[in-house]
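In case you want the letters, here they are:
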Amino acid sequence: MSTYVWSYLAEYENEREDILDAVDTVFRSGQLILGPSVAGFEEEFAAYHGLRHGVGVDNGTNAVKLGLEALGVGPGDEVITVSNTAAPTVIAIDGAGAKPVFVDVREEDFLLDTAQVAAAITPRTKALLPVHLYGQCVDFAPLRALADEHGLKILEDCAQSHGARHHGRLAGTLGDAAAFSFYPTKVLGAYGDAGAVVTSDDEIDQNLRRLRYYGMEKVYYVVQTPGHNSRLDEVQAEILRRKLRRLDAYIAGRQAVARRYEEALGDLTGPGGLLLPSTTPGNEHVYYVYVVRHPERDRIIERLRSYGIALNISYPWPVHTMTGFSHLGYKAGSLPVTERLAKEIFSLPMYPALSEELQDKVIAALREVLSTL
């Protein structure tokens, strides 16, 4: 039997009755589009963050895109972000008509290097888009100071950081608005595509509600400004309502898996060896993925396949090196830390329902492979 970096099957068996009841609740409600389940989830998800508004959308990519548009970002504007992220972050910037501007990441936590942001700001910069990657938050105080100094908006990309905290504050409560993905693999995952944007700004909230619904407001068929068809599905919303009640338990489960990895693999770390995830001071890590680092990454992954273990790389190709973004003009070596990480990082299995038996299998195989390098 193969072991994968993520699986929902064990969790589904544990929660099957509640998930099927959620589906039945929607099908019996008589309202399949923007009904009580979407409204309920929006209210509850915003309340979880202590914010006034939540707006459900169809996926995380459009959460970023509509979030930017709601903040006033459009053609001719620049948005500063990172290349060490999932491509949808950058696709959303492009989709809003803006130009992505990349800064490098830090060696210690693989997150946006805030010390490099000031030099990237130009008269056309409209927003900062920090990505709270892998389960912990970007150092935020320097970004807030820069945004205030230059009159910039901040949209947090929280696709990988549901429930993470930064100096006690939840990811998603630090900027002007925050975009979330509920893709099934996420810390809070749906059973299909889903997303949301949260904010306490009334105008941003109103903009988002228009944008996700063709640009219409209150009266159907009357378009105020051209928008999109990006509504959160009722079934996914009802499932997310049920799972939101278990979010803190999911996080605790992930943290327990992370502790077992650290206890079992900690003696293998060191220069030139395996590097385990580092939690930045002030952060509470929720371990969306458990990203480790080794200079012999490719050999390790290949060897582990013979043990029936299939691992993942997040991400093997930095966005600025992709053909689809060659027009931005970034050359090899433009972002040296990002490019170096792409050759060395890989993810171990991580999800709350990961059994100790499967985790021990991964640990034993990894230790054996590392001993023979």
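Residues numbered from 1 in each chain as written. Predicted model: local features only at pLDDT ≥ 70, side-chain atom pairs only at ≥ 80, totals over all residues. Heavy atoms only, no water.

Overview of helix α2 (residues 36-48)
Here α2 spans 18 Å end to end across 13 residues, near enough to the 18 Å set by a 1.5 Å rise per residue. Packed against the buried residues of α2 are α1 (9-27), β2 (53-57), β9 (177-181), β10 (195-199), α7 (202-211) and α8 (234-244). Directly after α2, the chain includes G50, whose backbone phi takes a positive value near 70°. (Helix = DSSP H or I, 4+ residues; strand = E, 2+ residues; numbered from the N terminus. Expected span 1.5 Å × (residues − 1). Contact = heavy atoms within 4.5 Å.)

Some points on unusual backbone geometry
Between S314 and the following residue, Y315, the backbone shows a cis peptide bond with an omega angle of 15°. Structurally, Y315 is set in the loop between β13 (309-310) and α11 (336-341). Not every positive phi belongs to a glycine, and F110 is a case in point at roughly 65°. Within the element layout of this structure, F110 appears in the loop between β4 (99-103) and α5 (117-120). With a phi close to 70°, Y134 is a non-glycine residue in the positive phi region. Mapped onto the secondary structure, Y134 falls in the loop between β5 (125-128) and α6 (141-150). Given the relative accessible area of 4%, Y134 is considered buried. (Buried < 20%, exposed > 50% of the residue type's maximum accessible area, 1.4 Å probe, protein only.)

Considering the sheet that holds strand β11 (residues 283-284)
To summarise the sheet geometry, strands pair through backbone hydrogen bonds and adopt either a parallel or an antiparallel arrangement. Strand order in this open sheet of three strands is β8-β7-β11, and the pairing throughout is antiparallel. The sheet terminates laterally at β8 (169-170) and β11, the two strands that pair on one side only. (Pairing = 2+ DSSP bridges.)

Digging into the packing of helix α3 (residues 60-70) against α7
The geometry of α3 relative to α7 is characterised by a closest axis approach of 9 Å and an angle of 125° between their N-to-C directions. Classed by the angle they form, the pair α3 and α7 counts as oblique. The handedness of the crossing between α3 and α7 is right-handed. Across the interface between the two elements, L66, G67, E69 and A70 of α3 pack against I204, N207, L208 and L211 of α7. Counted by class, the contact of α3 with α7 contains five nonpolar, two polar and one charged residues. (Axes fitted to C-alpha atoms, helices over the stretch in contact; angles between N-to-C directions. Parallel < 35°, antiparallel > 145°, perpendicular 65-115°, else oblique. Left-handed = near helix turned anticlockwise from the far one by under 90°. Nonpolar A, V, L, I, M, F, W, Y, C, P; charged D, E, K, R; others polar.)

Considering the sheet that holds β4
Judged by pairing direction, the sheet is mixed, and its seven strands sit side by side in the order β2-β10-β9-β6-β5-β3-β4 without closing on themselves. With one partner strand each, in any of the chains shown, β2 and β4 form the two edges of the open sheet. Each strand axis lies, on average, 30° off the axis of its neighbour in the sheet, ignoring direction. Where β5 lies against strand β6 (residues 153-157), two bridges are found, and the strand directions are parallel. Paired with A127 across the bridge in β6 is K153. The strands touched by α7 within the sheet are β2, β9 and β10, with β2 carrying the most contacts at an inclination of about 20°.

Description of the pairing of β6
For β6, a buried count of four out of five residues is recorded, marking the element as mostly surrounded by other parts of the structure. Between the parallel elements β5 and β6, the chain passes through α6 in a crossover that is right-handed. Bridge count between β6 and β9: three bridges; the pairing is parallel. For D157, the partnering residue across the bridge sits in β9 and is A179. (Right-handed = clockwise from strand over helix to strand, strands pointing away.)

Observations regarding α6
Listed in full, the buried residues belonging to α6 are L143, L146 and A147. Buried residues along α6 cover an arc of 100° about the axis, so they all sit on one side. Relative to its buried face, α6 has exposed residues pointing more than 90 degrees away, namely A141, D148 and E149. Structurally, α6 contributes buried residues whose contacts are with α5, β5 and β6. A positive phi of about 70° marks G151, the residue just after α6. (Arc of directions from axis to C-beta.)

Focus: the nonpolar core
What tends to happen in soluble globular proteins is that the nonpolar side chains get buried as a cluster. Counting residues in hydrophobic clusters, the biggest one holds 54 residues, and the most contacted among them are F41, V117 and F182. Discounting chain neighbours no more than four positions away, the residues touching F182 are F41, F45, H162, L188, G189, A190, G192, A194, G195, A196 and L240. Formed by 26 residues, the second largest nonpolar core is a distinct cluster that contains Y261, Y290, I301 and L358. (Core = buried A, V, L, I, M, F, W, Y, C linked by side-chain atoms within 4.5 Å.)

Regarding the environment of D94
Among the secondary structure elements, D94 is positioned in helix α4 (residues 87-95). For D94, a relative accessible area of 41% corresponds to the partly exposed category. D94 sits 20 residues away from G74 along the chain, and the two C-alpha atoms are 9.2 Å apart. Excluding residues within four positions of it along the chain, D94 makes contact with F325 and H327.

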